[in-house]
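Chain by chain, the residues:
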Amino acid sequence: MQTTFQLNKDNYHLNQANKHFMSVSQFKSAIECEARAFAELEGAYERPSSLALTVGSYTHSAFESDQVFDEFVEENRSVIFNTRDKKYADFKQADSMIEAIKNDRFAMFALEGEKEVIYTGELFGVLWKIKVDAINHGRKTFTDLKTTQSLSKRYWSDKYSKYVSFVEAYDYVLQMAIYREIIYQNTGAYYNPYIVAVTKETPPDKAILHFDISRFEFELEYAKEHLPSIIAAKSGNKDPKRCEVCEYCRATKQLKNTFEIEFLLK
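Note that the structure is a prediction, hence the values are computed from the model and not measured.

Caption draft 1: Quick look at the environment of Ser96. Of note, Ser96 is situated in helix 7 (residues 89–102). Ser96 sits in the partly exposed class, given a relative accessible area of 26%. Linking Ser96 and Pro204, residues 108 residues apart in sequence, is a C-alpha distance of 7.1 Å.

Caption draft 2: Expanded view of the environment of Thr54. Assignment of secondary structure puts Thr54 in helix 4 (residues 51–61). Judged by its relative accessible area of 18%, Thr54 is buried. C-alpha separation for the pair Thr54 and Glu75, spaced 21 residues apart in sequence, amounts to 11 Å. The residues touching Thr54, leaving out its near neighbours within four places in the chain, are Phe72, Asn76, Val79 and Phe91.

Caption draft 3: Inspection of unusual backbone geometry at higher detail. A cis amide bond links Thr202 with the next residue in sequence, Pro203, at an omega value of -5°. Take Pro203: it is sitting in the loop between strand 6 (192–199) and strand 7 (206–210). Look at Asp85: it is not a glycine, yet its phi comes out positive at around 60°. Using a relative accessible area of 47% as the deciding quantity, one classes Asp85 as partly exposed. Of note in the backbone geometry, Ser161 takes a positive phi value of approximately 55° without being a glycine. Its location among the elements puts Ser161 in the loop between strand 4 (155–157) and strand 5 (162–164). Judged by its relative accessible area of 52%, Ser161 is exposed.

Conventions adopted
- Residues numbered from 1 in each chain as written.
- Predicted model: local features only at pLDDT ≥ 70, side-chain atom pairs only at ≥ 80, totals over all residues.
- Heavy atoms only, no water.
- Helix = DSSP H or I, 4+ residues; strand = E, 2+ residues; numbered from the N terminus.
- Buried < 20%, exposed > 50% of the residue type's maximum accessible area, 1.4 Å probe, protein only.
- Contact = heavy atoms within 4.5 Å.

On their own, these measurements won't tell you what the molecule is for.
Below is the structure:
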């Protein structure tokens, strides 16, 4: 499967690129609600800006380069600083998280390598794009930086039918499985994935996480199973499924029937 679309850092997150390629974030968004995911893709809906997303980007940019971090801060000054030119609490907390990682030799060792590297490939008949936080070709490793509330917090997962860690709850295992396959297609070698995790606690906690490769088979089968419906909706060959609970579905809902009060809690 070929495409003439030239993917780069400037257009990676644009809808034009997202129409050509599947990504882990697009896949996860469609799993949550196809209707919202593809309304966004077509420009018919825009999710409200998220402070958490901006804080996450702020944290990530600190490990890309000093120049990237300075540019990010300058572009987002009105969000980061108050009228007295003091940082808002969320960004002060992010600074402490950044320092917690930068002051840890092992964490910085794990993050060594080329930053924000883009690869493309094909999985299950679909073109994918990935952007890797840090990849080290000498060690054949790649590492993603993740922020979370707590390392030990448990989340209920319908996907796994049990309580899971934040890594499984936010589909980071799926992300690592997809990234690992796409990197293999581009390098000819299977690289080992790691997560450098830092918490939003005071003071922040931190950990470096690795994966048993046996986890990846399930994730790839999960993607393979759900992709046909997602691609059919993305290509306009079927109406996208609505979750009826997200902000997009609430805003566009048209009532057609009644339901018994028992179903309010389902």
